[in-house]
Amino acid sequence: MASHFFTSRHGGVSEGAYQQNNLALHVGDVEESVLRNREQLASIVGEIVFMKQSHGDSVVVVDETTSFEPAADAMITQRTGLNLAVLTADCIPLLLWDTSACCVAAVHVGRKGLMNGIAVKTINKMKELGSKDIRGVLGPSICHSCYEVGEDIFDQVTAVFPVAGTRSKTGNPSLDLAHALQDQLQKLKISTARADACTCEDQSLFSYRRDGVTGRIAGVISL
Ligand SMILES: [Zn+2]
């Protein structure tokens, strides 16, 4: 049976803009602090694999623990007990599992990921591995009231995902990426739950839009 969770910024040793539980090495935090935060998490849940995310569309299958972080925006595993982590601060951490416990996946879906179909590619790969009935959960991300974008980006995204187009709390064009992702998955008959929290509004979460220099939370899943 798959299990999953999302971290918050509470509980780690990072300081300043990264306080407290930053789990990302690439954001300018002290490496030793990040590694301590990761070790603390691993001491609770077991081995965790992180990835080098780039808003790309690479999906990798990971079946062993490694200190090497695969360059990808989605990881799948069939190995029981191996935790997969996706790091975010406004983007959507999407966690997927198969009800027959064939495999699980952690996916990084931002605006670029929605457009490049990273979630669909991950699902196709899960099906190749034998998944028949996939479910998912979208962790905390920036909400449509906060995620204002310029007209050009608004037009680009809504041309492909009309349901993403909305207005922010100040009335400017904004995007509801989580709604668009859920709609994209629903068309593949995959039902998903969605966390209510908005990273930009909830001070217990990291938000790139709100703070610029900041840490990353993790969405973690294992079989
Ligand atoms: Zn918000």
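Definitions and limits used
- Residues numbered from 1 in each chain as written.
- Predicted model: local features only at pLDDT ≥ 70, side-chain atom pairs only at ≥ 80, totals over all residues.
- Helix = DSSP H or I, 4+ residues; strand = E, 2+ residues; numbered from the N terminus.
- Buried ≥ 20, exposed ≤ 12 C-beta atoms within 10 Å, placed from the backbone.
- Contact = placed C-beta atoms within 7 Å.
- Pairing = 2+ DSSP bridges.
- Axes fitted to C-alpha atoms, helices over the stretch in contact; angles between N-to-C directions.
- Core = buried A, V, L, I, M, F, W, Y, C linked by C-beta atoms within 7 Å.

## A word on the overall build of the chain
Consideration 1: A tally of regular secondary structure across the chain gives 6 helices and 12 strands.
Consideration 2: Summarising its shape, the C-alpha atoms of the chain cover approximately 45 × 45 × 25 Å along the three principal directions.
Consideration 3: In the chain, which comprises 223 residues, the proportion classed as buried is 45%.
Consideration 4: Within the chain, residue pairs in contact and separated by at least 24 positions form 62% of the contacts whose partners lie at least 6 positions apart.

## A word on unusual backbone geometry
Consideration 1: Here the bond from Q19 into Q20 is cis, since omega is 0°, no more than 30 degrees from zero.
Consideration 2: Position of Q20 among the secondary structure elements: in the loop between β1 (3-6) and α1 (31-45).
Consideration 3: Non-glycine residue H55 carries a positive phi angle of around 60°.
Consideration 4: Secondary-structure assignment places H55 in the loop between β2 (48-49) and β3 (59-61).
Consideration 5: Taking the C-beta count within 10 Å as the criterion, H55 has 15 such neighbours and is therefore assigned partly exposed.
Consideration 6: Its identity as a non-glycine residue notwithstanding, D90 has a phi of 120°, on the positive side.
Consideration 7: Turning to its location among the elements, D90 is positioned in the loop between β5 (83-88) and β6 (92-98).

## Observations concerning the sheet that holds strand β4 (residues 74-77)
Consideration 1: Strand order in the open sheet made by the 6 strands is β3-β4-β7-β6-β8-β11, with mixed pairing throughout. Each of the sheet's edge strands pairs with one partner strand only, and the pair in question is β3 and β11 (192-194). Averaged over all adjacent pairs, the angle separating strand axes in this sheet is 15°, with direction ignored.
Consideration 2: Where helix α3 (residues 118-128) meets the sheet, it contacts β3, β4, β6, β7 (104-109) and β8 (134-138), and its direction lies at approximately 165° from that of β7.

## Some remarks on the environment of V109
Consideration 1: On the secondary structure map, V109 appears in strand β7.
Consideration 2: With 29 C-beta atoms counted inside 10 Å, the residue V109 sits in the buried group.
Consideration 3: Between the alpha carbons of V109 and D57 there is a distance of 9.6 Å; along the sequence they are 52 residues apart.
Consideration 4: Setting aside its immediate chain neighbours within four residues, V109 contacts C91, I92, L94, L114, I118, A119 and L181.

## Regarding the sheet that holds β2
Consideration 1: Read across the open sheet, the 4 strands follow the order β1-β12-β5-β2; overall the sheet is mixed. Taken across any chain shown, the strands that pair with only one partner, and hence form the sheet edges, are β1 and β2.
Consideration 2: Alignment of β5 against strand β12 (residues 217-222), held across 5 bridges, turns out to be antiparallel. By the bridge assignment for β12, T88 is matched with I217.

## Details of the environment of H55
Consideration 1: Taking the C-alpha atoms as reference points, H55 and K121, 66 residues apart in sequence, are found 14 Å from one another.
Consideration 2: In contact with H55, not counting residues within four places along its chain, are D73, G110, K112 and G113.

## What about the pairing of β7?
Consideration 1: In terms of residue burial, β7 counts as a mostly covered element, since 6 of its 6 residues are buried.
Consideration 2: The side-chain alternation of β7 yields two buried faces, one formed by V104, A106 and H108 and the other by A105, V107 and V109.
Consideration 3: When β6 meets β7, the two strands line up antiparallel, connected through 6 bridges. By the bridge assignment for β7, L96 is matched with A105.
Consideration 4: Taking the residues between adjacent antiparallel strands as the criterion, β6 and β7 are bridged by 5 residues, where A101 takes a positive phi near 60°.

## As for the nonpolar core
Consideration 1: M75, L84, L96, A105, V107 and L181 are the most contacted members of the largest nonpolar core, which has 58 residues in total.
Consideration 2: For this core, the secondary-structure elements that each account for two or more residues are β4, β5, β6, β7, α3, β8, α5 (177-186) and β12.

## Quick word on the environment of N116
Consideration 1: Tracing the sequence through the fold places N116 in helix α2 (residues 111-116).
Consideration 2: Judged by the 17 C-beta atoms lying within 10 Å of it, N116 falls in the partly exposed class.

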